[in-house]
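Here is what each chain is made of, one letter per residue.
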2 protein chains.
Amino acid sequence: MAARTDEDHNAKMAKLKVAHDRIVEGKTLEKGLLIVHTGKGKGKTSAALGMVVRAIGHGMRVGVVQFVKGAWETGEKPVFDRFPEFVEFKPMGEGFTWDTQDRARDIAVAREAWDEVKRMIADPAYKMVLADELNIVLRYDYLPLDEVLEVLANKPADKHVIVTGRNAPQGLIDIADLVTEMTLVKHPFREQGVKAQAGIEY
Amino acid sequence: MAARTDEDHNAKMAKLKVAHDRIVEGKTLEKGLLIVHTGKGKGKTSAALGMVVRAIGHGMRVGVVQFVKGAWETGEKPVFDRFPEFVEFKPMGEGFTWDTQDRARDIAVAREAWDEVKRMIADPAYKMVLADELNIVLRYDYLPLDEVLEVLANKPADKHVIVTGRNAPQGLIDIADLVTEMTLVKHPFREQGVKAQAGIEY
């Protein structure tokens with residue numbers, strides 16, 4: 001790429017600043033967001049955990065419910081355990097894994113986790129609620145989609161709710177404020193025979 | 001969506017488990033990954049922060065260098081400050097914002113931040129290094145791309161390096177192990193006049 005001159009650069013930066021200030025000035029609404037991280041790429045849960053960290057740093061109380069991964073010991077747990085006043089971490093979904101062949105049990109587990117999410121959404125003490133892998137549960141019809149959408153659509157206005165998992169249902173996307181799709185560009189599992197790495201994937 | 005029968009479900013789950021086990025069995029390589037989060041969507045930095053949290057939870061030492069956002073007080077900093085033995089957090093890039101109209105100064109700031117990243121990559125004490133918004137700096141030619149790619153391509157084999165920022169250069173994608181593109185599906189800034197929210201974006 002050809003090097004830009006200082007003058008070019010400064011003119012471009014000044015223009016960007018004007019555009020940026022104009023955008024920020026117009027945006028003054030503060031509200032709790034319904035956020036969805038979906039897609040086949042990585043980073044859906046990680047990005048939600050990053051938001052949890054930021055919320056903790058701002059002194060918000062956060063509720064985290066894991067719908068699927070609860071059976072594993074994950075890297076984030078010992079960190080969140082150091083902030084018991086800010087993070088309530090519920091690794092539900094025990095036994096909800098590839099090994100489970102008991103649909104009735106999975107439904108009961110999903111229901112229990114969803115009841116936790118509902119409680120946290122209703123409780124003003126929580127400023128942010130993360131329903132991790134809820135989309136997976138919806139994908140397998142373990143919870144009635146209508147019920148879930150009704151609760152999320154009617155969440156308190158000042159509360160952030162984050163839902164993760166691939167295959168987010170269209171109804172959820174429709175009511176969400178912010179939807180990001182994580183797209184796989186390159187993946188070492190597939191291309192290089194690399195196993196899941198501590199610190200990256202769990 | 002039609003409810004699936006238990007038998008359908010169990011058969012599908014059993015099949016998935018076989019496929020899943022086969023994939024995991026074949027993947028035994030442990031190696032440090034060069035990871036890139038790019039795209040116009042949100043979650044690039046958040047997902048990297050989530051990985052930092054997991055790494056901390058596994059007792060790894062992590063170095064974090066912010067190339068652009070250093071001028072802001074961010075939510076993640078007070079959290080990471082609680083783990084001084086595990087996280088070295090360097091909010092460089094002071095003054096590197098839309099306000100900066102001094103290209104020479106920006107280049108100097110980028111160089112200083114890059115020197116930190118190089119030091120952390122070379123030092124075996126760090127198991128993970130996050131170069132946050134490095135792609136932005138490359139986009140504006142503030143650092144020589146060739147130099148950056150050479151350092152990243154020759155990083156120690158057991159070290160994870162994460163690079164974030166939109167417009168990742170193709171050369172970086174070519175040498176990366178894992179590339180995720182965050183795609184914007186819906187964004188409240190644009191559609192609803194909502195301002196940046198604490199806990200979500202900073």
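Let me begin by describing the structure that accompanies this report. (Residues numbered from 1 in each chain as written. Chains lettered and ligands numbered in written order. Predicted model: local features only at pLDDT ≥ 70, side-chain atom pairs only at ≥ 80, totals over all residues. Heavy atoms only, no water.)

## Concerning the overall build of chain A
Item 1. Check the secondary structure of chain A and you find eight helices and six strands.
Item 2. Counting helices and strands in the order they occur from the N terminus, chain A gives α-β-α-β-α-β-α-β-α-α-β-α-β-α.
Item 3. The proportion of buried residues among the 202 residues of chain A is 53%.
Item 4. Once local pairs closer than 6 in sequence are excluded, the contacts in chain A between residues at least 24 apart make up 77%.
Item 5. Carbon and sulfur atoms provide 52% of the accessible area of chain A, an area that totals close to 8,700 Å². (Helix = DSSP H or I, 4+ residues; strand = E, 2+ residues; numbered from the N terminus. Buried < 20%, exposed > 50% of the residue type's maximum accessible area, 1.4 Å probe, protein only. Contact = heavy atoms within 4.5 Å. Areas by Shrake-Rupley, 256 points an atom, 1.4 Å probe, with all protein chains shown as cover.)

## Overview of the packing of helix 4 (residues 103-122) of chain A against helix 6 (residues 145-153) of chain A
When two helices pack together, you describe them by how their axes are tilted relative to each other and by the distance separating the axes.
Residue and element names in this part refer to chain A.
Item 1. Between helix 4 and helix 6, whose axes approach to 11 Å, the crossing angle comes to 15°. Between helix 4 and helix 6, the crossing angle belongs to the class labelled roughly parallel. Helix 4 and helix 6 meet at a crossing whose hand is left-handed. Across the interface between the two elements, Arg 111, Trp 114, Lys 118 and Ile 121 of helix 4 pack against Glu 147, Val 148, Val 151 and Leu 152 of helix 6.
Item 2. Here the contact of helix 4 with helix 6 is built from residues that sort into five nonpolar, no polar and three charged. (Axes fitted to C-alpha atoms, helices over the stretch in contact; angles between N-to-C directions. Parallel < 35°, antiparallel > 145°, perpendicular 65-115°, else oblique. Left-handed = near helix turned anticlockwise from the far one by under 90°. Nonpolar A, V, L, I, M, F, W, Y, C, P; charged D, E, K, R; others polar.)

## Thoughts on the nonpolar core
Item 1. Counting residues in each nonpolar core, the largest one holds 44 residues, and the members touching the most others are Val 52, Phe 80 and Met 128 of chain A together with Val 52, Phe 80 and Met 128 of chain B.
Item 2. Apart from residues no more than four positions distant in its own chain, Met 128 of chain A is found in contact with Met 51, Val 52, Ala 55, Arg 61, Val 62, Gly 63, His 160 and Ile 162 of chain A together with Gly 199 and Ile 200 of chain B.
Item 3. If you look at the next biggest cluster of nonpolar residues, it comprises 32 residues, including Val 68, Val 129, Ile 136 and Tyr 140 of chain A. (Core = buried A, V, L, I, M, F, W, Y, C linked by side-chain atoms within 4.5 Å.)

## Quick notes on the sheet that holds strand 5 (residues 160-164) of chain B
Item 1. Strands sit in the order 3(A)-2(A)-4(A)-5(A)-1(A)-6(A)-6(B)-1(B)-5(B)-4(B)-2(B)-3(B) across an open sheet of 12 strands; the sheet is mixed. Because the sheet does not close on itself, it has two edges, and the strands there are strand 3 (87-91) of chain A together with strand 3 (87-91) of chain B. For this sheet, the mean inter-axis angle between neighbouring strands, taken without regard to orientation, is 15°.
Item 2. Two strands pair when backbone bridges link them, and strand 1 (residues 34-38) of chain A and strand 6 (residues 178-186) of chain A are joined in this way by four bridges, in the parallel orientation. (Pairing = 2+ DSSP bridges.)

## Here's the deal with the packing of helix 2 (residues 44-57) of chain A against helix 2 (residues 44-57) of chain B
Item 1. At a minimum axis distance of 6 Å, the contact between helix 2 of chain A and helix 2 of chain B shows a crossing angle of 80°. With respect to each other, helix 2 of chain A and helix 2 of chain B are oriented roughly perpendicular. Judged by residue contacts, Thr 45, Ser 46, Ala 47, Leu 49, Gly 50, Met 51, Val 53 and Arg 54 of chain A of helix 2 of chain A engage Thr 45, Ser 46, Ala 47, Leu 49, Gly 50, Met 51, Val 53 and Arg 54 of chain B from helix 2 of chain B.
Item 2. Looking at the contact of helix 2 of chain A with helix 2 of chain B residue by residue, the class counts come to eight nonpolar, six polar and two charged.

## Digging into unusual backbone geometry
With the exception of glycine, most residues fall at negative phi, and the peptide bonds are largely trans.
All names here are of chain B.
Item 1. Positive phi, normally seen in glycine, also occurs at Asp 141, with a value near 55°.
Item 2. Residue placement: Asp 141 occurs in the loop between helix 5 (134-139) and helix 6 (145-153).
Item 3. Assessed through its relative accessible area of 22%, Asp 141 is described here as partly exposed.
Item 4. A positive phi angle is found at Asn 167, which is not glycine, with a value near 60°.

## Quick word on the pairing of strand 6 of chain A
Residues in a regular strand point their side chains to alternate faces of the sheet.
Item 1. The sheet contact formed by strand 6 of chain A and strand 6 (residues 178-186) of chain B spans seven bridges and is antiparallel. Paired with Glu 181 of chain A across the two strands is Thr 183 of chain B, which belongs to strand 6 of chain B.

## Some remarks on the packing of aromatic side chains
Residues and elements named next belong to chain A.
Item 1. Summed over all chains, the structure comprises five aromatic pairs over all chains.
Item 2. For the pair Phe 80 and Phe 89, a centre-to-centre distance of 6.1 Å together with 50° between the ring planes defines the contact as tilted. Pair check on accessibility: Phe 80 and Phe 89 agree, each one buried. (Phe/Tyr/Trp six-rings, centres within 6.5 Å; stacked < 30°, edge-to-face > 60°.)

## Section: the side chain of His 160 of chain B
Item 1. Within the secondary structure, His 160 of chain B is located in strand 5.
Item 2. At a separation of 3.0 Å, a polar atom in the side chain of His 160 of chain B contacts the main-chain amide nitrogen of Leu 33 of chain B.
Item 3. Once residues lying within four places of it in the same chain are set aside, the contact partners of His 160 of chain B are Gln 197, Ala 198 and Ile 200 of chain A together with Lys 31, Gly 32, Leu 33, Lys 127, Met 128 and Val 129 of chain B. (Polar contact = N/O pair within 3.5 Å; in protein donor to acceptor, adjacent residues only side chain to side chain.)

## Focus: the pattern of salt bridges
Item 1. Per the stated rule, a full pass over the model turns up 24 salt bridges over all chains.
Item 2. Between Glu 88 of chain A and Arg 119 of chain A there is a salt bridge whose closest N-O contact spans 3.0 Å. Here Glu 88 of chain A is found in strand 3, whereas its partner Arg 119 of chain A is found in helix 4, with 31 residues between them in sequence.
Item 3. Residue Glu 88 of chain A is classed as buried on the basis of its relative accessible area of 18%.
Item 4. Taking the relative accessible area as the measure of exposure, Arg 119 of chain A reaches 34% and is therefore partly exposed.
Item 5. Here Lys 31 of chain B makes a salt bridge to Asp 177 of chain B, at a shortest N to O gap of 2.9 Å. One end of the pair, Lys 31 of chain B, is in the loop between helix 1 (6-26) and strand 1 (34-38); the other, Asp 177 of chain B, is in the loop between helix 7 (170-175) and strand 6, and 146 residues separate them in sequence.
Item 6. One connected set of salt bridges, linked through shared partners, spans Arg 61, Glu 88, Lys 90, Glu 116 and Arg 119 of chain A. (Salt bridge = Lys/Arg side-chain N within 4 Å of Asp/Glu carboxyl O.)

## A look at helix 4 (residues 103-122) of chain B
Helical geometry: 3.6 residues make up each α-helical turn, so side chains three or four residues apart lie on a common side.
Residue and element names in this part refer to chain B.
Item 1. With 20 residues, helix 4 extends 28 Å between its outermost C-alpha atoms, agreeing within 8% with the 28 Å of an ideal straight helix rising 1.5 Å per residue.
Item 2. Residues of helix 4 that are buried include every one of Arg 103, Asp 106, Val 109, Ala 110, Ala 113, Trp 114, Glu 116, Val 117, Met 120 and Ile 121, and no others. In a view along the axis of helix 4, the buried residues occupy a sector of 150°, so they form one face of it. More than 90 degrees from the buried face of helix 4, the exposed residues found are Ala 104 and Ala 122. (Expected span 1.5 Å × (residues − 1). Arc of directions from axis to C-beta.)

Note that all results are geometric; they support no functional claim without further evidence.
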